[in-house]
Amino acid sequence: MKKYMIWLVAFLYLTNVSAQTTIKAMSFNIRLDAASDGENRWDLRKNRVAGLMQYYEPDFIGAQEVLHHQLTYLDSILINYSYIGVGRDDGKTLGEYSCILYNQDKYIPLQQSTFWLAAKSDSVCMGWDAVCNRVCTYGRFKNKKNNQIVWVFNTHFDHVGKIARIESAKLILQKIKELNVRNEPVILLGDFNLRPTEEPIQKIASEMNNARDNSKMVYGNSDTWNAFKFKEKPNGAIDYIFLNKNRKWVVEKFATITDSYDLKYPSDHFPVMATMTLLK
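Residues numbered from 1 in each chain as written. Predicted model: local features only at pLDDT ≥ 70, side-chain atom pairs only at ≥ 80, totals over all residues. Heavy atoms only, no water.

Trainee: Any chance you could explain the packing of aromatic side chains here in plain terms?
Mentor: The description of an aromatic ring pair rests on the distance of the ring centres and on the angle between the ring planes. By the definition in use, this model includes 15 aromatic pairs. Ring centres 4.7 Å apart and planes at 50° place the aromatic pair F60 and Y107 in the tilted group. Of this pair, F60 sits in strand β2 (residues 60-64) while Y107 sits in strand β5 (residues 107-116); the two residues are 47 residues apart in sequence, bridging distant segments of the chain. Given a relative accessible area of 2%, Y107 falls into the buried group. One aromatic cluster in this structure is built from F60, Y102, Y107 and F141. Above the plane of the ring of Y73 lies K46, whose end atom (NZ or CZ) is 4.7 Å from the centre. Above the ring of F115, the side-chain terminus of K175 is found at 5.3 Å from the ring centroid. (Phe/Tyr/Trp six-rings, centres within 6.5 Å; stacked < 30°, edge-to-face > 60°. Helix = DSSP H or I, 4+ residues; strand = E, 2+ residues; numbered from the N terminus. Buried < 20%, exposed > 50% of the residue type's maximum accessible area, 1.4 Å probe, protein only. Lys NZ or Arg CZ within 6 Å of the ring centre and 35° of its normal.)

So, in structure tokens, the structure goes:
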């Protein structure tokens, strides 16, 4: 009887473990390649950006401000990763990407696309009062080991247009509803250029959970905008990870990653990363 009970407990434990999926997701504005950045220009820090990604090993990285040659470099270095996404200025390779890098050893994309943050969202277009073309890239991914499905969206909101930012929030929430007809888990990553108290973030937070606010453990301050100013306090919590509310998400850990080198930061944004358990 005792041996049977031990076997039963072990069986139940293993069954429970196998019914869980752990997902690590990162949002990281890597800063575009700009010669005006001087000592912080891309060619002097690109190995630091790639190294940070390699070290923390997220399953998904929502990256922003990625130019095509930057993406080509990361793709060549991050051998376990592949990506989805297009340039925002031609739907191919021109302009910044809001791409999703994913661990191809663990996940395979079943569906992928990019839409523009604009009233006419299915083609290259500048929306409302925005000053740049803005996009959201998404994918529906399957875990190769247990077939768990997860949607991942990644975006970068306009930094000027007030109407564009609230309409972009509404559009993304609408697209998630339209696409996620099976009520599957959803992760929304991005640089939203907005503080938590501003209306578009409040709109998203009314329909999705802020991973930081729902995490069992939080490491680091909320501010993510450092402007490459190593000796000044970062100003602005503008990078987020959101999860849909109608799934059994458990956020185990959330971190604002403030790694540095030689009194410099890898980017003008700190990446944020959440480690989550998804219960079936």
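Trainee: Where do I start with the sheet that holds strand β1 (residues 20-29) in this structure?
Mentor: Strands pair in a sheet through their backbones, by hydrogen bonds, and they do so in one of two ways: parallel or antiparallel. With mixed pairing, the 7 strands of this open sheet are ordered in space as β3-β4-β2-β1-β13-β12-β10. Every other strand in the sheet has two partners, leaving β3 (81-84) and β10 (215-219) as the edge strands with one partner each. Taken pair by pair, the neighbouring strands of this sheet meet at an average axis angle of 20°, ignoring direction. Here β1 runs beside β2; their pairing, made up of 5 bridges, is parallel. Considered in β2, the bridge of F28 is made with A63. Lying on the sheet, helix α2 (residues 42-56) is in contact with β1, β2, β3, β4 (100-103) and β13 (272-279); it crosses β1 at an angle near 165°. (Pairing = 2+ DSSP bridges. Axes fitted to C-alpha atoms, helices over the stretch in contact; angles between N-to-C directions. Contact = heavy atoms within 4.5 Å.)

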